[in-house]
Structures are given as C-alpha cells and as structure tokens.
Amino acid sequence: MDDTRAGAGDEKKPERLTALSDGIFAIAMTLLVLDVRVPPDLTAQGFRDAVRSVLPDLGAYALSFMILAAFWRDHRRIVELVPRFEGRTLKLALVWLGAIALIPFPTSLLSEYASEPLAVAVYAGAVCLTNLLELAVLRTGLRGRWPSDPATGRTARFVATDLGNTALVFGATVPLAYAFSPAAAMWSWPALLPLKVTLGRRYRREQSS
C-alpha cells in the first residue's frame, strides 16, 4: 500500500515530467532537420540549384529550433516554480507536450509553402497556441497566485510576460497573413527580439537589485 502511494506521488513530481519533456524536445528538434537535405549525384548546376532551394528549409529549421529552445528554457523555469504537477496542471502539460511534438509539421509547411497565407497562419497559430498552453500550465500550477517570495514572484511574472508577448505577436500575424501578405506576417516575427531583450534586461536588473 505504501509503495503504491509513493509511486503515485512520484509520478506527480516535476522530475518525471522533465524527463518526458526532454525526450520530446530532443525528438522534435531532430525531426526539424530531416527536411534539410540535398539529393546525391547532381550535376554542378543541379547542385547549386539544390543548395539554393534548401535555403528556405534552413531558415524554417533555424526559426523553429530557436522557438523550441525558448519553450524548453521556459519549461525548466516553470518546473522550478511549480512543485507538483497533478490534476489540470498535469493534463495541460501533456497537451502542451503534444503541441511541441507537432511543431515539425507546421515547420515543413512553412519551408515548402511560405508564400501561402494558410501555411504561415498554421505556423503562427501553432506557436501561439503552444505559448498559451505553456502559460496555462504555469498559472494553474501556481493556482492563479504569484509566489510570495519576491525573487520567485519576479521569475514567474517574467516567464508569464515572455509567453504572453510571444503568443500575442504570433497570434496577431494569423490575420495579417491574409489581410496583407505572408511575407508581412513573417517579417513581423522579428519584432519579438527587442521585446525579449528588453524584458530580459529588466528581469536581470530586478533580480540583482
């Protein structure tokens, strides 16, 4: 009886979820690169054309790798903030991991059909949804309250703001891809960089003060 209860309790500890998430992230990041290839036995001209044609695949790979790396970083912080994953928090975390595992699919759409509004909208929507799911994991894990410890509370707010900003930018580009152009939507994504840099500097300054 005691062993059964202990095993059930262990499953709710963040270490189990961390091990599962690390495996899913490793697989998703590896799958991203499978579309980046140049066929063998090409002529010199064919080789040059193939290298040029693979550039969009490399761009989509680099973008999605950075996004997945940011998700992984935020997840590690959330694990430190949430002592136990159970109930709704655990269910949301598993749904979030399912969204992470799906990222290679919209990435392949973006690399092959970047000129199509639907492909850009699917990619932006997937990133937006994944951010919202991770934010929901954080908020439900904290039971809707910020930690009372000042330093821990600042970390929680930093992660929540970072996830919210990313979801807002990518979500806004879904209609933008149709209203203007897919290129306009994609060029809006780099707007996140100054936001993240500013937010990160403010967080580090507050933590060191």
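Basis of the calculations
- Residues numbered from 1 in each chain as written.
- Predicted model: local features only at pLDDT ≥ 70, side-chain atom pairs only at ≥ 80, totals over all residues.
- Heavy atoms only, no water.
- Core = buried A, V, L, I, M, F, W, Y, C linked by side-chain atoms within 4.5 Å.
- Buried < 20%, exposed > 50% of the residue type's maximum accessible area, 1.4 Å probe, protein only.
- Helix = DSSP H or I, 4+ residues; strand = E, 2+ residues; numbered from the N terminus.
- Contact = heavy atoms within 4.5 Å.
- pLDDT = per-residue confidence, 0-100.
- 1 Å grid on protein atoms, 1.4 Å probe; cavity = no way out; pocket = protein on both sides within 12 Å on 5 of 7 lines; lining within 4 Å.
- Points joined across faces, edges and corners; volume = space filled by probe spheres on them.
- Nonpolar A, V, L, I, M, F, W, Y, C, P; charged D, E, K, R; others polar.
- Salt bridge = Lys/Arg side-chain N within 4 Å of Asp/Glu carboxyl O.
- Axes fitted to C-alpha atoms, helices over the stretch in contact; angles between N-to-C directions.
- Parallel < 35°, antiparallel > 145°, perpendicular 65-115°, else oblique.
- Left-handed = near helix turned anticlockwise from the far one by under 90°.
- Phe/Tyr/Trp six-rings, centres within 6.5 Å; stacked < 30°, edge-to-face > 60°.
- Lys NZ or Arg CZ within 6 Å of the ring centre and 35° of its normal.

Now, about the nonpolar core: what can you tell me, with residues and values included?
Formed by 46 residues in total, the largest nonpolar core has its most connected members in Leu68, Ile78, Phe85, Ile100 and Phe170. Of all the secondary structure elements, the ones that give two or more residues to this core are helix H2 (14-32), helix H3 (44-81), helix H4 (87-102), helix H6 (117-141), helix H7 (150-179) and helix H9 (192-208). Not counting the four nearest positions on each side in its chain, Ile100 is found in contact with Ile24, Phe25, Ala28, Leu68, Phe71 and Thr130.

Break down the confidence of the model for the protein for me, citing the residues and quoting the values.
For the protein, per-residue confidence averages 89 on the pLDDT scale, and residues scoring 70 or more make up 94% of the total. Highest mean pLDDT in the protein belongs to H6 (97); lowest belongs to helix H1 (residues 2-11) (49). Within the model, pLDDT remains below 50 along residues 1-8, and this stretch shows 0 contacts once partners closer than five positions in the same chain are excluded.

Can you tell me about the layout of surface pockets, naming the residues and giving the values?
The volume enclosed by the largest pocket comes to roughly 730 Å³. In terms of lining residues, the largest pocket is bounded by 32 residues, among which Leu63, Met66, Ile67, Trp189 and Leu193 are the most central. Of all the secondary structure elements, the ones that give two or more residues to the lining of the largest pocket are H3, helix H5 (104-112), H7, helix H8 (182-188) and H9. The dominant element in the lining of the largest pocket, judged by the number of residues it contributes, is H3, at 11 residues. Looking at side-chain class alone, the lining of the largest pocket contains 21 nonpolar, 5 polar and 6 charged residues.

Outline the pattern of salt bridges, listing residues and values.
Under the defined criterion, the tally for this structure stands at 8 salt bridges. Notably, a salt bridge pairs Glu86 with Arg84, separated by 3.9 Å at the nearest N-O pair. A salt bridge links Lys196 to Asp162, with the nearest nitrogen and oxygen atoms 2.7 Å apart. A residue pair is termed long-range when its members are at least 10 positions apart, and Lys196 in helix H9 and Asp162 in helix H7 qualify at 34 residues. Residue class for Lys196 comes out partly exposed when judged on its relative accessible area of 28%. Salt bridges sharing partners connect three or more residues here, namely Arg73, Asp74, Arg77, Asp162 and Lys196.

Would you mind going over the packing of H5 against H6 in detail, with residue names and values included?
Axes are the key here: two packed helices are described by the angle between their axes and the distance separating the axes. Following both chains from N to C, one finds H5 and H6 inclined at 150°, their axes separated by 8 Å at the closest point. Taken together, the axes of H5 and H6 lie roughly antiparallel to each other. Along this stretch, H5 crosses H6, giving a crossing that reads as left-handed. In this structure, H5 uses Pro106, Thr107, Leu109 and Leu110 to contact H6, whose residues at the interface are Ala119, Val120, Val122, Tyr123 and Ala126. Considered class by class, the residues forming the contact of H5 with H6 number 8 nonpolar, 1 polar and no charged.

Go over the environment of Tyr123 with me, naming the residues and quoting the values.
Its place among the elements puts Tyr123 in helix H6. Taking the C-alpha atoms as reference points, Tyr123 and Ala177, 54 residues apart in sequence, are found 11 Å from one another. Apart from the residues lying within four places of it in its own chain, the contact partners of Tyr123 are Leu63, Ser64, Ile67, Pro106, Thr107, Leu110, Phe170 and Trp189.

Describe the packing of aromatic side chains, with residues and values.
By the definition in use, this model includes 5 aromatic pairs. The interplanar angle of 50° and the centroid separation of 5.9 Å between the aromatic rings of Tyr61 and Phe65 together place this pair among those described as tilted. Pair noted here: Tyr61 and Phe65 are both in helix H3, with a separation of 4 residues, about one helical turn. You can call Phe65 partly exposed: its relative accessible area is 33%. Here Phe158 and Tyr203 contribute two aromatic rings whose centre-to-centre distance is 4.5 Å and whose plane-to-plane angle is 15°, an arrangement assigned as stacked. Of the two residues, Phe158 is situated in helix H7 and Tyr203 in helix H9; the sequence distance between them amounts to 45 residues. As far as burial versus exposure is concerned, Phe158 and Tyr203 are alike and both buried. Of the aromatic side chains, those joined through ring pairs into one cluster are Tyr123, Phe170 and Trp189. When the ring centre of Trp146 is taken as reference, the NZ or CZ atom of Arg139 above it lies at 4.3 Å.

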